[in-house]
Amino acid sequence: MGRADERRARQRGGRRAAPKNRSSRAAAPASRNESVSTAEETTAAAVTGGRAAARRSAKKGAKGAKSEKGRIRRLFTWKKMLGTFLGLVVLTIGAFVALYITTPIPDNANADAQLQSNVYKYSDGSLLTRDGKLNRENVDLAKVPKPVQHTFVAAENKSFYDDAGVDLRGTARGILNTLMGKGAQGGSTITQQYVKNYYLTQEQTVTRKLKELVISLKLDREESKDYILAGYINTSYYGRGAYGIQAAAQAYYRVDAEKLNVAQGAYLAALLQAPSQYDWHAASDTGRKLVQQRWNYVLNNMVEEGWLTKAERAGMTFPVPKEPKAAPGQEGQVGYLVDAANSELEKQLVSQGVADSRKEAEAMVNAGGWNITLNIDKKKQKALEASVKEQLTSKLDKKKRSVDGDVQAGAASVDPKTGAVVAMYGGVNYVEHYTNNATRTDYQPASTFKPVILAAALAQGAETQDGEKISANTLYDGTSKRPVVGSDIGFAPENEDDVDYGDVTVQTAMNKSINSVFAQMGVDVGMDKVLKTASDLGMDTEDLKAVPAQTLGTMGASPLQMAGVYATLDNHGKKVTPTLIKSAENSAHTVKPAQSIGEEVISREAADTVTSVLTGVVDDGTAKKSVRDNPLRKGQKVAGKTGTSDNNKSAWFTAYTPDLVTSVGLFGESAKPPHPQVTLTGATTGLTGDDGRVNGGGFPAQIWAAYTFGVSTKVTKFDLDTTQGAAVQPSRSASPSPSQSREPSNEPSSEAPTPSKSPKPPVTPSNTPTTEEPSNEPSSEAPSPSNSPSPPVTPPENPLDPQSGQ
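For clarity, every value in this text was computed on a predicted model and none was experimentally measured.

Counting its secondary structure elements, the protein chain contains 25 helices and 16 strands. Across the 806 residues of the protein chain, 49% fall into the buried class. Of the roughly 37,900 Å² that the protein chain leaves accessible, carbon and sulfur atoms contribute 51%.

Turning our eyes to something else, we now look at the nonpolar core. By size, the foremost hydrophobic cluster in this structure holds 81 residues, and its most contacted members are Leu-345, Leu-349, Leu-374, Phe-449, Met-521 and Met-539. Judged by nonpolar contacts, the second largest core, of 51 residues, contains Tyr-199, Tyr-232, Ile-233 and Trp-280.

Where helix α20 (residues 515-525) contacts helix α21 (residues 527-537), the two axes come as close as 6 Å, and the packing angle between them is 95 degrees. Judged by the inter-axis angle, α20 sits roughly perpendicular to α21. Only Met-527, Lys-529 and Val-530 of α21 make contact with α20, whose side of the interface consists of Gly-522, Val-523 and Val-525. Within the contact of α20 with α21, the residues separate by chemical class into four nonpolar, one polar and one charged.

This part takes up helix α25 (residues 699-711). For α25, built from 13 residues, the straight-helix expectation of 18 Å at 1.5 Å per residue is met to within 8% by its first-to-last C-alpha distance of 18 Å. Looking at the buried residues of α25, the elements they touch are α17 (378-391), β6 (407-414), β7 (421-425), α24 (624-628), β15 (650-656) and β16 (661-668).

Let us now look at the sheet that holds β15. What links the strands of a sheet is backbone hydrogen bonding, and the strands pair in either a parallel or an antiparallel sense. The sheet built from five strands is open, its strands ordered β7-β6-β16-β15-β14 with antiparallel pairing. In this open sheet, the two edge strands, each paired with only one partner strand, are β7 and β14 (639-644). If you compare each strand with its neighbour and ignore which way they point, the axes differ by 5 degrees on average. Of the strand pairs in this sheet, β14 and β15 are connected by six bridges, and their pairing is antiparallel. For Gly-643, the partnering residue across the bridge sits in β15 and is Trp-652. In the packing of α17 onto the sheet, contacts are made with β6 and β7, and the angle to β7 comes to roughly 30 degrees.

So, on to a nonpolar patch on the surface. Taken together, the side chains of Trp-78, Leu-82, Phe-85 and Leu-86 make up a nonpolar region of the molecular surface, amounting to roughly 470 Å² of accessible area. Take Trp-78: it is sitting in helix α4 (residues 78-102). Classification of Trp-78 as exposed rests on a relative accessible area of 62%.

Once that is clear, we can look at the packing of aromatic side chains. This structure, assessed with the given rule, holds 20 aromatic pairs. A centroid spacing of 6.1 Å and a plane angle of 80 degrees characterise the contact between Tyr-253 and Tyr-267, whose relative ring orientation is edge-to-face. Of the two residues, Tyr-253 sits in helix α10 (residues 245-253) while Tyr-267 sits in helix α11 (residues 262-271), which places them 14 residues apart along the sequence. For the pair shown, Tyr-253 and Tyr-267 are each scored as buried.

The subject of this paragraph is the confidence of the model for the protein chain. On average, the protein chain scores 81 in pLDDT, and the residues at 70 or more come to 72%. Every residue in residues 14-40 is under pLDDT 50, and counting partners more than four places away or in other chains gives 13 contacts. In the model, residues 737-806 has pLDDT below 50 throughout and makes 134 contacts with residues more than four positions away in sequence or in other chains.

To continue, consider the environment of Phe-152. Structurally, Phe-152 is set in helix α5 (residues 146-156). C-alpha of Phe-152 to C-alpha of Ala-266: the two residues are 114 residues apart in sequence and 7.2 Å apart in space. Once you skip the residues sitting within four places of it in the chain, Phe-152 turns out to touch Asn-157, Ile-190, Tyr-232, Ile-233, Tyr-238, Ile-245, Gly-265, Leu-268, Ala-269 and Leu-272.

Here we take up the pattern of salt bridges. Opposite charge on two side chains allows them to pair when their charged atoms are near. Per the stated rule, a full pass over the model turns up 20 salt bridges. We note a salt bridge from Lys-196 to Glu-360, for which the minimum N-O separation is 3.1 Å. Of this pair, Lys-196 sits in helix α7 (residues 190-198) while Glu-360 sits in helix α16 (residues 358-366), and the two are 164 residues apart along the sequence. Overall, the relative accessible area of 10% leaves Glu-360 in the buried class. Among the salt bridges present, the one from Arg-482 reaches Asp-477, with a minimum N-O distance of 3.5 Å. Grouping residues by exposure puts Arg-482 and Asp-477 together as buried.

Let's shift gears to the packing of helix α18 (residues 450-460) against α20. Contact pair α18 / α20: the axes reach a minimum separation of 10 Å and the direction vectors enclose 35 degrees. The way α18 lies across α20 gives a crossing that is left-handed. Along its contact with α18, which presents Lys-450, Ile-453, Leu-454, Ala-456, Ala-457 and Gln-460, the element α20 presents Asn-515, Phe-518, Met-521, Gly-522 and Val-525. Among the residues forming the contact of α18 with α20, the class breakdown is seven nonpolar, three polar and one charged.

What follows concerns unusual backbone geometry. Across the junction of Pro-673 and Pro-674, the peptide omega takes the value 5 degrees, indicating a cis bond. Assignment of secondary structure puts Pro-674 in the loop between β16 and α25. A positive phi is found at Asp-497, a non-glycine position, where the angle reads about 60 degrees. When you line up the elements, Asp-497 lands in the loop between β8 (475-477) and β9 (503-505).

With respect to burial, β14 is a largely interior element, six of its six residues being buried. Both faces of β14 are covered, namely the face carrying Ala-639, Lys-641 and Gly-643 and the face carrying Gly-640, Thr-642 and Thr-644. Linking β14 back to β15 in an antiparallel pair, the connection comprises five residues, with Asn-647 at a positive phi of about 60 degrees.

Quick look at the environment of Gln-292 now. Within the secondary structure, Gln-292 sits in helix α13 (residues 285-305). With 27 residues separating them along the chain, Gln-292 and Pro-319 place their C-alpha atoms 9.8 Å apart. Not counting residues within four places of it along the chain, the set of residues in contact with Gln-292 comprises Trp-280 and Phe-318.

Before going further, it helps to spend a moment on the pairing of β16. With eight of eight residues buried, β16 lies mostly within the body of the structure. Pairing of β15 with β16 involves seven bridges; the strand directions are antiparallel. The partner of Ser-650 across the bridge, within β16, is Phe-667. Linking β15 back to β16 in an antiparallel pair, the connection comprises four residues.

On to α10. Across the nine residues of α10, eight count as buried, placing the element largely inside the fold. For α10, every residue scored as buried is listed here: Ile-245, Gln-246, Ala-247, Ala-248, Ala-249, Ala-251, Tyr-252 and Tyr-253. Packed against the buried residues of α10 are β3 (135-136), α5, α9 (225-235), β4 (242-243) and α11. Downstream of α10 by one or two residues, Arg-254 has phi in the positive range, about 55 degrees.

Turning next to the environment of Gly-573. Turning to its location among the elements, Gly-573 is positioned in the loop between α22 (559-570) and β10 (574-576). According to the relative accessible area criterion, Gly-573 is buried, its value standing at 0%. The spatial distance from the C-alpha of Gly-573 to the C-alpha of Ala-455 is 9.6 Å, given a sequence separation of 118 residues. The contacts of Gly-573, once residues within four sequence positions are left out, are Thr-568, Glu-599, Glu-600, Val-601, Ile-602 and Ala-607.

Parameters and conventions
Residues numbered from 1 in each chain as written. Predicted model: local features only at pLDDT ≥ 70, side-chain atom pairs only at ≥ 80, totals over all residues. Heavy atoms only, no water. Helix = DSSP H or I, 4+ residues; strand = E, 2+ residues; numbered from the N terminus. Buried < 20%, exposed > 50% of the residue type's maximum accessible area, 1.4 Å probe, protein only. Areas by Shrake-Rupley, 256 points an atom, 1.4 Å probe, with all protein chains shown as cover. Core = buried A, V, L, I, M, F, W, Y, C linked by side-chain atoms within 4.5 Å. Axes fitted to C-alpha atoms, helices over the stretch in contact; angles between N-to-C directions. Parallel < 35°, antiparallel > 145°, perpendicular 65-115°, else oblique. Contact = heavy atoms within 4.5 Å. Nonpolar A, V, L, I, M, F, W, Y, C, P; charged D, E, K, R; others polar. Expected span 1.5 Å × (residues − 1). Pairing = 2+ DSSP bridges. Patch = residues over 30% accessible without salt bridge, like charges linked within 9 Å, V, L, I, M, F, W, Y side chains within 5 Å. Salt bridge = Lys/Arg side-chain N within 4 Å of Asp/Glu carboxyl O. Phe/Tyr/Trp six-rings, centres within 6.5 Å; stacked < 30°, edge-to-face > 60°. pLDDT = per-residue confidence, 0-100. Left-handed = near helix turned anticlockwise from the far one by under 90°.

The structure is reproduced here in structure tokens:
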């Protein structure tokens, strides 16, 4: 065997390949070749030995793993697992039996069922009001018509008359959700709901749910179904401060419970799912649809259970409830503030996990015992009320002019640094007009939406159709009815009074509120991005379609909402959420105030540029007569925007100083039920000018100025991080086109025109017809003419004329 063969053999078999005469070789002197061979053999043996050791170790590891698996199998045999499961079942049953034995039906109602008053205070701790006597009156079930009784069973628990008082699946799901931090998700029987409302509390704990289960089982065994149903309908909360079916019947239909019909009973039963959301007169369009669906659900279940015939069901129409009446002691602005505070508290109870649903939160608030301090500043509140009275309501005379009875005013004032709502005006009187005009969202904000479009353009770094970056100095075509370019939907809005302005800067377009400019700008930015910015700033845009018509502010908004949007601009782009509650607590809970100041939603430069541009509206635009020239003004810096909606149904002025933001809205609402929206035109004829047209630069701006300049006397400047806009640059004024049939204004600009940074107009009138008919929708804003005599000066120069400004 050769040396190489020996080596291979040793590598394959270890000692089996060793030479037979190893001992004789070891005794004799080794030659050089033999020494080398021996070294190689030693190395090979070491390698081979190491591999053998690794194999032995692997074998031992495999044996150990098998041994471990064996131990696991022996530990988790099916017999042991079954035994463990049965043991847990026995323990659970034993624990439940022990709980059943040791948990009696309480002798008395819980503290929540014995309701107390809520106390409301101003921000300085002085008393605002204490809510009135509890609106509850129990009635015998026998006095409630049987079909009306069935509406509640059909709505909440069809198996009520046959079940054992509990829903084991629903309870198990509720316990599991509680353990997982998700809260309950319905499924309770009428018996369980009655036990929770009357004997226990609304807290979401496993202990409370188990007690609810036990007491419900016992109550079902010891009391009749009629006893339980009577307790349920007499302790449930129906909204409008009404506890029990008797109070609810009076609150919604002005009848006693015994006079209710099936359709009315079905509405009251439907209310229990979401009292505040389903109150017909306070509900949104979505809320009204949902309560009608719930009402139909109740009646259809009654037919299914044989409690109502199909013919009777087919003949029923939805019973619209009566308008709500204010509780005693809620006169003036008090009721508006209390309702708004309650609504905010309910949201906080849900968001902080104290209540599982808005329904439970509402019940908790109305259960009383809350000490609620508002952010309302007593002096500012009185000043706002006085301003509305002095500037508007004292001038209304519905005996002389019926339209004066259709004028509603709403206002909200917010501190931009804290988000605190320091004043609110909800209407002339809570007991006369139940709807809070400061929080209602059913009227169009009109041109007060234009700053949002500009904010979106600046925040997105948007460009015109010609690729020019949009800025305060960008030139746009202000021709009335000019079709927008770049939109799949034809849109050609009319400027107020159909005035043509020709080519104007964005600053001038904001000053004069030129619709055609902002319609084009909205398309240039992208309406989806405009609505996204609006949402970021605080508007509710969830169900809005991203169409060019939205540039005219055709969505709904409230003064409180718009105050929040402008407060975010005033706060340099950091989100401001108006907050009414300063603190709230009762014996069981302390609720944290809502987070008022959030993160930056648009850049500081974008927000400050919008502020700078909006100073031009006050100093050289539609608000200059009411605000700039107001004798109460002592040099305060102001930025703001007017707005007047389609057909003059609403008029707005939303504006701010560095320290205070206030939004004022006037709304045309018919004094006759069902109170549709109507025009404001003709109100206070002889006082408004423009043939009785009410615009944002009139009463709203006057109310704003009288209030703001009265309470915000400190003269401060805006701290702006921008090089654009009227606050840091002279503004350029525009006059109507000479081709316009109306008389052009001879009023001079208060500032010299500034050359555009763009070498050419980025947008020129399009001669290409759109594929659809252009819209003739009226404009949302008019330039406010000045009543002061014009000095004999040269008419404003054309900014495109190369000789101008020289």
